[in-house]
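Structural description and commentary
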Amino acid sequence: MTWETGMEPTSPAYSFAANTAERLRTVAGPGTGKSFALRRRIARLLEEGNNPQRILAVTFTRTAAADLKSEIQALEIEGADQVVARTLHSLCFKILEQEQVFNNLQRHPRPLLEHEIDPLLRDLSYAGYGNVRDKRKRIRDYEAAWARLQRDDPGFALNELDQRFERDLIAWLKYHHAILIGDLIPLTLQYLRNNPLCQERRMFDHVLVDEYQDLNKAEQVLVDLLTGNGSCTIIGDDDQSIYSFRNAHPEGIRTYPDDKPQCVSINFDECRRCPSNVVVMASQLIANNTNRTLGALAPFQGNNAGSVQVLQWATLEDEVNGITRIVQKLVHNDNVAPGDILILAPRRRIGYRIRNSISQQGIDIRSYFREQALESIAAKHLFSLLTFAGDPDDRVSLRYLIGEGSSSFLQISYVKIKSAAEEREISPRELLDLAVGGEVNIPGTSSILNRYRDILTEMRVIKELLNRSSQELINTITPEENEELETLRDAVLAAQEIVGEFNSPGDEQSWINSIVQETRNLISMPETPDEVDHIRVMSLHSSKGLSSKVVIITSCIEGLIPVHDYDLSAEEQARQLEEQRRLFYVGITRCKTEPNVYSGTLILSSFVTMPYGQALQLGLNVNRRFLTTRFITELGGSCPQAMSGADYLLTLGE
């Protein structure tokens, strides 16, 4: 089998795989075969005798990287297993670790989880940084190397306030022996720019980047430096650019040919994945955006129309119950496998309610929200406690534990602890041990000392339980009946399968630390599998790259999709609306069909009212009834008329 086996020479996929341009941009709409074409292009490079270890394929997720390698190997081309396929962040980590950049910069490769950033935000106490939300935004800007817009040059903070923020942020991270996951990009960019003769700038002859629209400007410059004098192929779709919160903008892929001389552009616009009517609706929707690269998507000639329903329920509770009954019928009456149902919710609280309702009917369903294992206060506390028990020198977990429960994370008291520790040239833990033992007295820190005493007591209990058995420890600290700890328990059990059960008395700390590290990886880098045996519930963002026979998008109301942020300028609101439209476009194009096998089902659901308190939690205007999202109208004439969810259930015989 050769790279061109089964390919139509006049197809865009063939042109893409065969093209020898040094710079190649492909804009590929959803379901148009870009993954297939990317594999065949790499296969051609291998057949032509290129060194596989000098071919880099950058993917957006670890699962995509693994799938790409396995699919290339399936072509049975020599060297396929040696192609370098990684996410950009994992590649950066490898570069920084190998070149000892972490040590040279006095940085520690201990990544912060989301809840561990909370005390950091309080410790960055300078009033000019704004509130917690403002500081989170500044951190994202720092992670993008201060390139907030596509036209910005990444690398340095230009104004005095950003410079001060960066200094304070890095000082906190250095003192607490930690990094942000997003730190990897600016650190690697700095290393490559400052070392033009480093081997990494000459390591690859061919660089291929998938989902290029999801890269921010700093990541794009990083790709250019890794490419060097080699060839670079980018593939993506500005209509699926949905990560502006990390400063990734659609202009990156749109303007690529303008910035790269002799760049060749090839577009994929025939959608083979979706039912024909879904393709037409998606094209009508996205046509409302401006400055797009592709025109209308073309339905694949052999694809039939799918089943599309637009439903409105009286209340959120009715929506949850109604979707549960629809899913029951699909699974029990229509013989749809649970793994063929994908439910997308604009808020995780809504997704959890739907998950729990369907689960109560005995149907296997799981949610895939980022760091959901640490959603509850109890889970955050327990994971931090395990982290500290496994490594008493872990300053991040200690900082979280002694401040949790306080809106300020006891920032003022912690400053006193930190200052006293620095004066004595010892760690905060060592100072707290001295204070608890009565050897030092630090006025104004009694709350922290009391909490530290409680932490020590909990750690003793953990070690006592572990010495009985690791399973007894897990069962006691994450009881099966505690729903708040259910996902964390699953992650810890999965970690134990990797590490093994505890069988080394006296070495409790080492075993706990290994469990924590594996659990951290499972929590911080979750992957959403494409082939499963259960219903998946997730956000619209997380559905990127997936497809399913049945797709249900819930709570399609104004305020949730699209969101409304009236604090933004008129221009920013317009950009936000276009991105929200792209997000909805991504969601509806997850629906797939297979000619003569199944047609595909898309259900778009909304509700009219919900309890005041729940609306407040979701950030919604609580003084009005909710309207169905404007995006339903924008789907055009191929979209069926909306109907009452209750009436729809009657048509199903419910």
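Here, every reference points to the structure presented above.
Here's what I pulled together on the structure shown here.

Residue Ile 561 is joined to Pro 562 through a cis peptide bond whose omega torsion reads 10 degrees. One can find Pro 562 in the loop between strand E13 (550-553) and helix H24 (570-588). Not every positive phi belongs to a glycine, and Ala 145 is a case in point at roughly 55 degrees. Relative to the elements of secondary structure, Ala 145 occurs in the loop between helix H7 (132-143) and helix H8 (160-175). Residues other than glycine seldom take positive phi values, yet Gln 262 does so here, at roughly 60 degrees. Mapped onto the elements, Gln 262 comes out in the loop between helix H12 (256-259) and strand E6 (264-268). Taking relative accessible area as the criterion, Gln 262 reaches 70% and is therefore assigned exposed.

Bringing helix H3 (residues 62-73) into the picture now. Its 12 residues give H3 an end-to-end C-alpha distance of 17 Å, which sits within 8% of 16 Å, the value for a rise of 1.5 Å per residue. Against helix H2 (34-47), strand E2 (55-59) and strand E3 (84-87) lie the buried residues of H3.

What follows covers the pairing of strand E1 (residues 23-28). Counting buried positions along E1 yields six of six residues, so the element is predominantly enclosed. Judged by which residues are buried, E1 turns out to be covered on both faces: Arg 23, Arg 25 and Val 27 on one side and Leu 24, Thr 26 and Ala 28 on the other are all buried. The pairing of E1 with strand E5 (residues 231-236) spans five bridges and is classified as parallel. The residue of E5 that forms the bridge with Arg 25 is Ile 234.

On to the packing of aromatic side chains. The description of an aromatic ring pair rests on the distance of the ring centres and on the angle between the ring planes. Going through the model one piece at a time under the given rule, you end up with 14 aromatic pairs. Taken together, a centroid distance of 5.3 Å and an interplanar angle of 40 degrees make the contact between Phe 60 and Tyr 243 tilted. Placement of the pair is Phe 60 in the loop between E2 and H3 and Tyr 243 in the loop between E5 and helix H11 (251-254), with a sequence separation of 183 residues. Phe 60 sits in the partly exposed class, given a relative accessible area of 34%. Taken together, the aromatic side chains of Phe 60, Tyr 243 and Phe 245 make up a single cluster linked through ring pairs. In this arrangement the basic side chain of Arg 41 is found over the ring face of Phe 16, its NZ or CZ atom lying 5.5 Å from the centre. Above the ring of Tyr 175, the side-chain terminus of Arg 395 is found at 4.7 Å from the ring centroid.

So, about the pattern of salt bridges. For the structure on display, the rule yields 39 salt bridges. For Asp 394, the salt bridge goes to Arg 110, with nearest N and O atoms at 3.0 Å. Of this pair, Asp 394 sits in the loop between helix H16 (377-390) and helix H17 (395-403) while Arg 110 sits in the loop between helix H5 (101-104) and helix H6 (117-123), placing them 284 residues apart in sequence. The class of Asp 394 is buried, set by a relative accessible area of 9%. Between Asp 118 and Arg 136 there is a salt bridge, with the nearest N and O atoms lying 2.7 Å from each other. Of this pair, Asp 118 sits in helix H6 while Arg 136 sits in helix H7, and the two are 18 residues apart along the sequence. Using a relative accessible area of 15% as the deciding quantity, one classes Asp 118 as buried.

Now for the side chain of Thr 601. As for its placement among the helices and strands, Thr 601 is situated in strand E14 (residues 601-609). Given a relative accessible area of 19%, Thr 601 falls into the buried group. Those residues in contact with Thr 601 that lie beyond four places of it in its chain are Ser 307, Lys 549, Val 550, Val 551 and Cys 591.

Right, let's talk about the packing of helix H4 (residues 88-98) against helix H9 (residues 184-194) for a bit. Two packed helices can be described by the angle between their axes and the distance between those axes. Between H4 and H9, whose axes approach to 9 Å, the crossing angle comes to 50 degrees. By the angle class used here, H4 and H9 are oblique. Judged by the twist between their axes, the crossing of H4 over H9 is left-handed. Residues Leu 88, His 89, Cys 92, Phe 93, Ile 95 and Leu 96 of H4 pack against Leu 184, Ile 185, Leu 187, Thr 188 and Tyr 191 of H9. Residue composition of the contact of H4 with H9, grouped by class: nine nonpolar, two polar and no charged.

The rules we used
- Residues numbered from 1 in each chain as written.
- Predicted model: local features only at pLDDT ≥ 70, side-chain atom pairs only at ≥ 80, totals over all residues.
- Heavy atoms only, no water.
- Helix = DSSP H or I, 4+ residues; strand = E, 2+ residues; numbered from the N terminus.
- Buried < 20%, exposed > 50% of the residue type's maximum accessible area, 1.4 Å probe, protein only.
- Expected span 1.5 Å × (residues − 1).
- Contact = heavy atoms within 4.5 Å.
- Pairing = 2+ DSSP bridges.
- Phe/Tyr/Trp six-rings, centres within 6.5 Å; stacked < 30°, edge-to-face > 60°.
- Lys NZ or Arg CZ within 6 Å of the ring centre and 35° of its normal.
- Salt bridge = Lys/Arg side-chain N within 4 Å of Asp/Glu carboxyl O.
- Axes fitted to C-alpha atoms, helices over the stretch in contact; angles between N-to-C directions.
- Parallel < 35°, antiparallel > 145°, perpendicular 65-115°, else oblique.
- Left-handed = near helix turned anticlockwise from the far one by under 90°.
- Nonpolar A, V, L, I, M, F, W, Y, C, P; charged D, E, K, R; others polar.

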